[in-house]
Every structure is written in structure tokens, then in C-alpha cells.
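Given next are the chains, with one letter for each unit.
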Amino acid sequence: MKVVILLGPPGSGKGTVAERLRGDKGGYVHFATGDMLREEVSNSTAVGQEAEGFMKRGELVPDEVIIRIVETRLEAGDPTAAYLFDGFPRTLVQADLLDESLAGRGAKIDYVFFLATPRDVILQRLTGRRVCKACGASFHVTNIPPAVEGVCDACGGELYQRKDDNEETIANRLEVYNRQTESLISRYEEKGLLVSLDSDQGVASLMAEIDAKLQSGVDA
Ligand code: ADP
Ligand code: ZN
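Residues numbered from 1 in each chain as written. Chains lettered and ligands numbered in written order. Predicted model: local features only at pLDDT ≥ 70, side-chain atom pairs only at ≥ 80, totals over all residues. Heavy atoms only, no water.

### A closer look at the overall build of the chain
Of regular secondary structure, the chain possesses 9 helices and 8 strands. Scaling as 2.2 N^0.38, a compact globule of 220 residues should have a C-alpha radius of gyration of about 17 Å, and the chain matches this with 17 Å. For the chain, the residues scored as buried account for 46% of the 220 residues in total. Counted over contacts in the chain with a minimum sequence separation of 6, partners at least 24 positions apart contribute 71%. Counting only carbon and sulfur atoms, one obtains 50% of the accessible surface of the chain, whose full area is about 10,900 Å². For the chain, the centre of its 25 positive side-chain charges and the centre of its 35 negative side-chain charges are spaced 2 Å apart. (Helix = DSSP H or I, 4+ residues; strand = E, 2+ residues; numbered from the N terminus. Rg over C-alpha atoms; globule rule 2.2 N^0.38 Å. Buried < 20%, exposed > 50% of the residue type's maximum accessible area, 1.4 Å probe, protein only. Contact = heavy atoms within 4.5 Å. Areas by Shrake-Rupley, 256 points an atom, 1.4 Å probe, with all protein chains shown as cover. Lys, Arg positive; Asp, Glu negative; His and termini not counted. Charge placed at Lys NZ, Arg CZ, Asp CG, Glu CD.)

Laid out in C-alpha cells, this is it:
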């Protein structure tokens, strides 16, 4: 089991990076807790009903709910796969539980890619973001426009704007990130796992940096 974590504020491009790596040789499994939660909400499951209000307000869903989802999905997943965690862990409690859970599987975190992103870039990205209802691929009205407006390039699905991508909720998500998630940067830095990247440099060159790092550790 290989484990890579994508860490960064909302709008730092975690999903876009994961999307590009998914088709790659490494065959990474995109493990995005936000996508999982949105799926639970749209299926009106018990977890979805519990999570919906927090997500609408841009607050974190309680740790115990997240941990339940993560454990269930890891149990059901391929134990030999390479995992790309996107949006998880987001709190120290979640980070501790991830370490424990991985240790129980004889695995550990290989890299944590931190996507540093200026605030004005975050706001511009999130307010213009459009997401595919069918496959979850991300687009942007001006930065990454789809070939046909409102239609996903990858699967032809319908594009929509997430409910939490409005200015008020975005401001709250950023505040929550600063308060609860940012401290994970120093945790992983101290463990020697952190790779800091400038997310505001164009997808191609960002991916080249990530690929180089992943290649350098092929033995791991
Ligand atoms: P973004 O990174 O753009 O904010 P996500 O799709 O990762 O978007 O998350 C959307 C929402 O889902 C979050 O605002 C939060 O309410 C909830 N969420 C996702 N992952 C977690 C997590 N690991 N812990 C708590 N809440 C989460
Ligand atoms: Zn699609």
C-alpha cells in the first residue's frame, strides 16, 4: 500500500492533481472525503443527513463521522493499491487515527504534498469552479473551461456549481482551514514527509514537480 496525502486550503487544486494522477501508471485511487460525503448526501444516507448541515455552512463534519467513512472505504478497498488522500486528514485527531489505521495495515505515509496557494487565487478558483455531476471532474469558467459550456469533457455529464462555493461559505471554509487544518503542515514537516509546492504555477509544471518526486521514491 502506497500512501500520498494532498494537503492544502480549499481551492488549492487537490482534486485537480488527484484527477491527473488517477489515470497514471501508478494507478492511484482518489480517496476524497468531500466527494464521499457529497455522495452520501445525494443518496440521503444516515451519514449524509448528519453531514449535510456542516457542509452547507463550510464547517468540518465531526471526526467520528469521517473516521467511520474512511475505515469503511479502506476495508472495502484494495490493500495493495496506491492511495491519494484528498481532503483527509483535516484535524489532528484524524491524522492520529490515520497513522494508527495505516500501522495496522503495515503501511505508512510516503509523501505529503502541500499545495501553497495565495488567498486571491483561492477565491478566484472557487467562485468560478464547476464540477461534473457524473464523474466529479473539476472545471473553471475561465481557467479550465470545458469544450462545451456546462458539459464535462471527460464523460459528457452535466456541470454544476457546488452549494458551498459561494463567497460567504468560502470565507468560512478558509477560516476553518486556518484554525483546524493548517497545523498539520508542521506535523508532517517534523516527520520529514512534507513536500511544499507552489500551486499557483500552472497544472503542467505542478504535475512535473509531483511526478519527479514520485519517481524519485519508486522503491518506497
Ligand atoms: P474543499 O477542500 O474545497 O473545501 P472538500 O470537497 O474536500 O472541499 O470538502 C467539502 C466539505 O466536506 C468540507 O467543507 C467539510 O464540511 C466536509 N469534509 C470533507 N472532508 C472532511 C474531513 N476530512 N473532515 C471533516 N469534514 C470534511
Ligand atoms: Zn464527468
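### Description of the site of ligand 1
Taken together, 19 residues form the shell around ligand 1, and within it Thr33, Arg38, Glu59, Gln94 and Arg173 come nearest. One of the backbone N or O atoms of Val61 is found 3.1 Å from a nitrogen atom in ligand 1. For ligand 1, the accessible surface in isolation is 550 Å², of which the surrounding protein chains cover 96%. For the shell around ligand 1, the element with the highest residue contribution is helix 2 (residues 33-42), accounting for 4 residues. Classifying every residue of the shell around ligand 1 gives 7 nonpolar, 4 polar and 8 charged. Residues from two domains meet in the shell around ligand 1; each of domain 1 (2-118 + 168-219) and domain 2 (129-164) gives at least three. (Near = heavy atom within 4 Å. Polar contact = N/O pair within 3.5 Å; in protein donor to acceptor, adjacent residues only side chain to side chain. Nonpolar A, V, L, I, M, F, W, Y, C, P; charged D, E, K, R; others polar. Domains from an automatic or database assignment.)

### Regarding the sheet that holds strand 4 (residues 111-116)
If you walk across this open sheet you meet the 5 strands as 2-3-1-4-8, and the pairing is parallel. If you trace the sheet from one side to the other, it starts and ends with strand 2 (28-32) and strand 8 (194-198), each paired once. Each adjacent strand pair in this sheet contributes to an overall mean axis angle of 20°, direction not counted. Note that strand 2 and strand 3 (residues 82-86) share 5 bridges and pair parallel. The residue of strand 3 that forms the bridge with His30 is Leu84. (Pairing = 2+ DSSP bridges. Axes fitted to C-alpha atoms, helices over the stretch in contact; angles between N-to-C directions.)

### Let's talk about the packing of aromatic side chains
In total, this model carries 5 aromatic pairs according to the counting rule given. Plain terms: the ring middles of Phe31 and Phe85 are 4.8 Å apart, the flat faces sit at 65° to each other, and that makes the pair edge-to-face. Here the residue Phe31 occupies a position in strand 2, and Phe85 occupies one in strand 3, the gap between them amounting to 54 residues. The exposure class assigned to Phe31 is buried, which follows from its relative accessible area of 3%. Taken together, the ring pairs connect Phe31, Tyr83, Phe85 and Phe88 into an aromatic cluster. When the ring centre of Phe54 is taken as origin, the NZ or CZ atom of Arg57, which lies over that ring, is 5.4 Å away. (Phe/Tyr/Trp six-rings, centres within 6.5 Å; stacked < 30°, edge-to-face > 60°. Lys NZ or Arg CZ within 6 Å of the ring centre and 35° of its normal.)

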